[in-house]
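A structural walkthrough
This is what each chain is made of:
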Amino acid sequence: MLRTALRTLLAHKSRLAMTVLAVGLGVAFVSGTLVFADSTAAAHRAAASKNFAGIAVTVTATSPPPGAPAEPQADVLDDALVRTLAAVPGVATVRPSVDGSAVLNAADGTPLRAGRAWAHPAAAYVPGPDGKDGRFPLVEGRAPAGDGEIAVDRGTADAGRLRLGDTVTLATDGPVMTARLVGVVTTDDTRVTAGGTLTLFDRATAQRLFATPGHYTGLDLTAVPGTAPADLARRVTGLLPAGRAEATTGTALAAGQAVLVDTLTRGYEKVPMVFAGVSLFIGSFLVVNTFTMLVARRTREIALLRAIGASRRQVSRSVLLEATLVGVIASAAGFLVGLGIAEVLPALLGTDGSTLPRGPLVVGPRSVAAALAVGVGVTVLAAWLPARRAAKVAPVEAMRTGGRPPAAGRSRIRGLAGLTLLVAGAGLLIPLTGAEDASEANLRNAMAGCALLVAALIVLAPLLAVPVIRLTGRLTGRLGITGRLARENALRDPRRTAATAATLLVTTALVAGLAVIGHSTGQALDRRAAAGLGADYVIGTRSTTTGIDPAAARRVADTPGVRTASPVADATLFTGGGVRTISGVDPATVDAVMKLRFVSGSAKELGPGRIAVSGTVARETGVTTGGLLDARMGRGGQFTRYTVVGVYQDNPVAHDVLGARAEVAEHGFLPGSVQRVLVRTDGGTVSKSVEDRLRAAVGNNPLLDVRDRAQIVREAAGTVGDLLDVMYGMLAIGVVIGALGIANTLAVSVAERTREIGALRALGMDRTGIRRMIRLEAVTVAAFGTLLGLAGGVFGAWAVGSLANGAIEQYSLVLPWGTLLLVCLLSLATGALAAAVPARRAAALGPLEAVARA
C-alpha cells in the first residue's frame, strides 16, 4: 500500500501541487511568525544585555509605600553616597546617572514619534576618566557641555532631519525649551531601538530637569573581576537608606527591560497569525475537494484493490498516507517560505516609525514542530472524510463504467444537518439584534453564531447550488450555447461545485462581514468624533502630567485668524456611586466651541458650586435641573453639595459633567493649568498656516497636540483602519486559494469530459467556444460562492451590529457598496483567471484526439 500511495502521488502530482501551495501558504505564516517572534525576543534580550554590559549593580530610589509621606527622590542619591559605595569591597567604579524623558520636535516643527510615553528616554552624558561615556559612543560632534546643549541618537537625528548646530525645540515635564544640537551618539537601549528617541544633557542640566542639583536618579556600579553581582548587591543594600533605595543586578535590569519592550511590541505577531489561521482554514477546503475528486476518479482502481484482497482499513490508510506525504512536503516548503517572511516582517511592521531590533534568525524546535504539526495535521484531518469514502468502495464497483449518483438519503441528511446548524446559528445571532451590551457572553454568542452560520452555508451549499446557479445561469445562458453548457456543467455535480466554491464562500463571508462592520463603525466614529465639537481646532496635552499654561491660552486667543479660543480644564469628580470627568469651561464662550443640546437649564448658569450633568449621569444619579449632587472634585478635596443648573445630551467633548473653569482648574489634573483649548477660526478656516500659527502660540511645545476636526476623526477611526488592512489581507489569501481550487476542479473536470469535449468539437464548436465554455463555468462557480458568502457576511454583520451600537451610540448599519462590489468583481475575476490553463488545455484537444484519449 505504501508503493501504491507513492505511485498515486506521482501520478497526480500536478493537482496535489496546488494542495501543497494552499497548505504551504498557511504553514509559511505560522512558521514565519514563530521564527520572527523568537528572533525578535532574542534580539531584545541581546540589545538589553549589551545596553547593561559591564554594570554589576544599579542603585535607584524607591517609591514610598501608600499612605507614607512622600520624600524627594533627589535627597537619596547624592555625591556622599557615591563616595560611600565606591569604598565597598568588590566595587570597581561608580557611575552616576540622571534619567528622565524628553520629547523633541523635528526640523519641520512636528513632534518626533509622539504618542509613545515609554519611548522618549533622556539622560545625562556622564564622561569617565577618559572623557567619554561608554553607554553613548559619539559618532558626530561632541558631548553636551553646558546649559542649552544636547546630543541625540543617530535614529532620532535621521528621523527628525536634525543636523549639528540646529536649534531643537523640546520639552520634559515643564515648559518648552530650546537647545543646540552638538553631538550624535549610538545606543543599544531597547526603548530607543524599538522606535523611541534619546536626548542627552550635561550632568548639571539633567540634574536640574530630572532631580535636584548634586543628586542623581541612579548609580551604576561595576565590579572587580571575580565578584559576583548578587554578592555585591547584598553588600551595597546594607549601606543604603532603609526603604528609600534599592540595589538591583544589571542582569535583572536587562531582563526586565527586554521583557518590557518585548511586551509592548508583541502585538506585531497577531496580524500574521490571523493570516495563518485564515489561509489554513480556507486551504482545508481545497484539501478536502482535491482528495474527494481523486477518490472519485480512482473508484475503479480502489475497487480492484478491494477485489484482490485490500481491506477497508488498508484503503483508508493509503489515502491518509498520501495526505501525510502531501502535508510533509507542504510543511517543508512552507517552512522555507516562512523563513523569508520572518526576514522581511521587521521591515514591514516597522513602517509606523518603530524599528524592531535586528539579529540573526532564531530557528528553534517550536517553529519546526509547529510547521510540521500544522502542515501534516491540517492535511490529514481534511483528507479523513475522503479516506472514509474510499474505504466504503465495494469490489463490485470495478465492473461499473460510470460513477454512482449520490444517494437521496444522504442529501436528506445533509439538508437536515444544514438546517439544524442554520437554526442554531440564527438562534444565537437574532437575539443579539436587540442587545446593546457588548458583554463577554454576547461576544461569545456572536462568534459562535457566525461560525455556525458559515458551517450551515457550507453544508447546505450542494443543495443550494441547483436553484442559485439556475437563477444566475440565466445571465450566462444569454451568451449562447456556450453559456448554457457552462451552466449545465456546473450543475452536473452540485457537491463538487459547492466544494469548489467553499473557499470563495468563506472568504467572501469573512471579508463582507468585516467590511460592513468596519465601514459602519468608521462612520459611527466619524459622527462621534465630530459630534459635540463646534471648534475647528483642539489643542490638547498628551498626558495628565502636562498642562497648558494660561498665558499660552491667551496667546492662542490673540493669534491672527482665531475668532474664539476657549480653554477647558479637566478634573476627576467622585459622585459616591462612580468616578466621572468634569470639564471646566467658560460659560461665555462654551456655546461657540461645543455643540451642547440641553434638555433643561443652560450653560449660562455655570459658576462656583453650580454644575451641569450629562443625560447618563442624570439617569444614574437621579438628579434633575435644580437638584443637588454631593460630589468631590479632585483627589484631595472634600465632598461638596453642588447645584445642578442643567442637563445636556451626552457629549464626548463635554465629558460627564460641566463646571466653571476657575473652580475645576484648582482641582484639575495639574492645578492652575488647562488641558485643552478649543479654537474657532474666522470662517472655519483650516489650513497648514493656521496650524503653524497655533503651534507657535503654544511655543511649539512637543508635548501638545494641535489637531483639526478631520485629524480627530482619523485618529478615532485608527483601529478601523487596522481592521480593513486585515480584511484586505484575508481577501488576498482567499482569492489565491480560491483560484487554486477552481483551477484544480476544472482540470479534473476537463480530464473527465474529454470524450464530451471531442464530441463538441466534432459537432462544430471551435476552440474559442471551448475556452469560453470553461471560463463561464468557472465564473458561474465563483458567482455561486460569492453570492452565498455575501448573504452570510451581511447577515452576520447586521446581527452583531447592535453590540457595536451598545459601545458607540451613533452606530448604524451602513453597507459599503463600493467594497462589496469590489469583492464581487475580484471573485468573478478569480474564476476567470483560474480557468485560463484548463480552458487552454481543453481547447487544444482535437476531435479525434479527444475520442482516442477517452
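What counts as what
- Residues numbered from 1 in each chain as written.
- Predicted model: local features only at pLDDT ≥ 70, side-chain atom pairs only at ≥ 80, totals over all residues.
- Heavy atoms only, no water.
- Helix = DSSP H or I, 4+ residues; strand = E, 2+ residues; numbered from the N terminus.
- Buried < 20%, exposed > 50% of the residue type's maximum accessible area, 1.4 Å probe, protein only.
- Areas by Shrake-Rupley, 256 points an atom, 1.4 Å probe, with all protein chains shown as cover.
- pLDDT = per-residue confidence, 0-100.
- Contact = heavy atoms within 4.5 Å.
- Salt bridge = Lys/Arg side-chain N within 4 Å of Asp/Glu carboxyl O.
- Pairing = 2+ DSSP bridges.
- Axes fitted to C-alpha atoms, helices over the stretch in contact; angles between N-to-C directions.
- Arc of directions from axis to C-beta.
- Polar contact = N/O pair within 3.5 Å; in protein donor to acceptor, adjacent residues only side chain to side chain.
- Parallel < 35°, antiparallel > 145°, perpendicular 65-115°, else oblique.
- Nonpolar A, V, L, I, M, F, W, Y, C, P; charged D, E, K, R; others polar.
- Core = buried A, V, L, I, M, F, W, Y, C linked by side-chain atoms within 4.5 Å.
- Patch = residues over 30% accessible without salt bridge, like charges linked within 9 Å, V, L, I, M, F, W, Y side chains within 5 Å.
- Lys, Arg positive; Asp, Glu negative; His and termini not counted.
- Charge placed at Lys NZ, Arg CZ, Asp CG, Glu CD.
- Phe/Tyr/Trp six-rings, centres within 6.5 Å; stacked < 30°, edge-to-face > 60°.
- Lys NZ or Arg CZ within 6 Å of the ring centre and 35° of its normal.

**What about the overall build of the chain?**
When helices and strands are counted, the chain shows 29 helices and 22 strands. Counting across all 854 residues of the chain, residues that qualify as buried make up 50%. Per element, the accessible surface of the chain, about 37,900 Å² overall, is 60% carbon and sulfur.

**Structural notes on the confidence of the model for the chain**
A residue-level look at the chain finds 83% of positions with pLDDT of 70 or above and a mean pLDDT of 81. In this model residues 66-70 is a low-confidence stretch, pLDDT under 50, and it forms two contacts with partners more than four residues away in sequence or in other chains.

**Remarks on the pattern of salt bridges**
Per the stated rule, a full pass over the model turns up 19 salt bridges. Put simply, Arg 142 and Glu 149 hold a salt bridge, and the shortest N to O gap is 2.7 Å. A salt bridge links Asp 231 to Arg 234, with the shortest nitrogen-to-oxygen separation between them at 2.1 Å. Placement of the pair is Asp 231 and Arg 234 together in helix H7 (residues 229-237), with a separation of three residues, close to one helical turn. Classification of Arg 234 as exposed rests on a relative accessible area of 56%. By sharing partners, the salt bridges in this structure join Glu 140, Arg 154 and Asp 158 into a single network.

**Thoughts on the sheet that holds strand E11 (residues 218-223)**
Read from one edge of the open sheet, four strands run E2-E11-E1-E12, paired in antiparallel fashion. Unpaired on one side and paired on the other, strand E2 (91-97) and strand E12 (245-249) mark the two borders of the sheet. Each strand axis lies, on average, 20 degrees off the axis of its neighbour in the sheet, ignoring direction. Across the face of the sheet, H7 comes into contact with strand E1 (57-61), E2, E11 and E12 while running at roughly 175 degrees to E12.

**Describing the side chain of Thr 780**
Turning to its location among the elements, Thr 780 is positioned in helix H26 (residues 767-807). The exposure class of Thr 780 is buried, given its relative accessible area of 3%. Beyond its immediate sequence surroundings of up to four residues, Thr 780 is in contact with Ile 469, Thr 476 and Ala 490.

**Quick notes on unusual backbone geometry**
The backbone phi angle of Arg 161 is positive, close to 55 degrees, even though this residue is not glycine. As for its placement among the helices and strands, Arg 161 is situated in the loop between helix H4 (154-160) and strand E8 (167-171). Classification of Arg 161 by relative accessible area gives exposed; the value is 70%. In this structure, Asn 700 takes a positive phi of about 55 degrees despite not being glycine. Along the polypeptide, Asn 700 turns up in the loop between helix H22 (688-697) and strand E22 (704-708). On the basis of relative accessibility, which here comes to 31%, the residue Asn 700 falls in the partly exposed class.

**Remarks on helix H18 (residues 550-557)**
Along H18, the positions that sit buried rather than exposed are Ala 552, Ala 553 and Val 556. For H18, the angular spread of the buried residues around the axis is 105 degrees, confining them to a single face. Check the buried side of H18 and you find it contacts strand E13 (537-541), strand E14 (562-574), strand E21 (676-681) and H22. A distance of 3.1 Å separates the backbone nitrogen of Ala 551 from a side-chain oxygen at the start of H18, and that oxygen is part of Asp 549.

**Concerning helix H13 (residues 384-391)**
Burial in H13 covers these residues: Pro 386, Ala 387, Ala 390 and Ala 391. Axial view of H13: buried residues confined to an arc of 140 degrees, hence all on one face.

**A look at the packing of helix H12 (residues 365-382) against H13**
Describing two packed helices takes the angle between their axes plus the distance from one axis to the other. Running from amino to carboxyl end, H12 crosses H13 at an angle of 40 degrees, the nearest separation of the two axes being 4 Å. With respect to H13, the axis of H12 lies oblique. For the pair formed by H12 and H13, the contact residues are Val 380, Leu 381 and Ala 382 on the first element and Trp 384, Leu 385 and Pro 386 on the second. For the contact of H12 with H13, a count of residues per class yields six nonpolar, no polar and no charged.

**Regarding the side chain of Thr 472**
Mapped onto the fold, Thr 472 is located in helix H15 (residues 440-477). For Thr 472, a relative accessible area of 18% puts it in the buried group. A polar contact of 3.3 Å, which involves the side chain of Thr 472, links it to the backbone oxygen of Ile 469.

**Points about the nonpolar core**
Val 59, Leu 85, Leu 219 and Leu 221 are the most contacted members of the largest nonpolar core, which has 42 residues in total. If you tally residues by element for this core, the top one is strand E9 (residues 177-185), at four residues. Beyond its immediate stretch of four places on either side in the chain, Leu 219 contacts Val 57, Thr 58, Val 59, Leu 77, Leu 81, Val 82, Leu 85, Val 94, Arg 95, Pro 96 and Ser 97. The next biggest cluster of nonpolar side chains, apart from the first, holds 35 residues, and it includes Leu 573, Val 613, Val 647 and Val 677.

**With respect to a positive patch on the surface**
Together, Arg 312, Arg 388, Arg 389 and Lys 392 give the surface a local cluster of positive charge. Relative to the helices and strands, Arg 312 is located in helix H11 (residues 312-349).

**Comments concerning the pairing of strand E15 (residues 579-585)**
In terms of residue burial, E15 counts as a mostly covered element, since five of its seven residues are buried. Note that E14 and E15 share six bridges and pair antiparallel. Considered in E15, the bridge of Phe 574 is made with Val 579. The antiparallel hairpin formed by E14 and E15 contains four residues in its connecting segment, where Gly 576 sits at a positive phi of about 90 degrees.

**Some thoughts on a nonpolar patch on the surface**
There is a patch of nonpolar side chains on the surface, built from Leu 361, Val 363 and Val 368 and spanning about 210 Å² of accessible area. With respect to the helices and strands, the residue Val 368 is situated in helix H12. What makes Val 368 partly exposed here is its relative accessible area of 41%.

**Points about the packing of aromatic side chains**
According to the stated counting rule, one finds three aromatic pairs in the structure shown. Between the aromatic rings of Phe 598 and Tyr 648, the centroid separation amounts to 5.7 Å while the plane-to-plane angle is 65 degrees, which identifies the pairing as edge-to-face. Placement of Phe 598 in strand E16 (residues 598-601) and of Tyr 648 in strand E19 (residues 640-648) is noted, with a sequence separation of 50 residues between them. Here Phe 795 and Trp 798 contribute two aromatic rings whose centre-to-centre distance is 5.7 Å and whose plane-to-plane angle is 40 degrees, an arrangement assigned as tilted. Of this pair, Phe 795 and Trp 798 both sit in helix H26, three residues apart, which is roughly one turn of the helix. Residue Phe 795 is classed as partly exposed on the basis of its relative accessible area of 30%. Residue class for Trp 798 comes out partly exposed when judged on its relative accessible area of 43%. The ring of Phe 574 has Arg 632 sitting right over it, with the charged end atom 4.3 Å from the ring centre.

**What about the packing of helix H27 (residues 817-834) against helix H28 (residues 836-844)?**
Packing of H27 against H28 leaves a shortest axis separation of 5 Å and a crossing angle of 35 degrees. In this structure, H27 contributes Ala 832, Leu 833 and Ala 834 to the contact, and H28 contributes Ala 836, Val 837 and Pro 838. Grouping the constituent residues of the contact of H27 with H28 by class yields six nonpolar, no polar and no charged.

**A look at the pairing of strand E17 (residues 610-614)**
Counting buried positions along E17 yields four of five residues, so the element is predominantly enclosed. Direction of pairing for E17 relative to E19: parallel, over a ladder of five bridges. In the sheet register, Ile 611 faces E19, and the bridge partner there is Val 644. Pairing geometry for E17 and strand E20 (residues 657-660), over two bridges, is antiparallel.

**Regarding the environment of Pro 587**
Note on placement: Pro 587 falls in the loop between E15 and helix H19 (590-593). As for Pro 587 and Gly 659, which are separated by 72 residues in sequence, their C-alpha atoms are 8.9 Å apart. Residues within four places of Pro 587 in sequence aside, it is in contact with Ala 603, Lys 604 and Leu 606.

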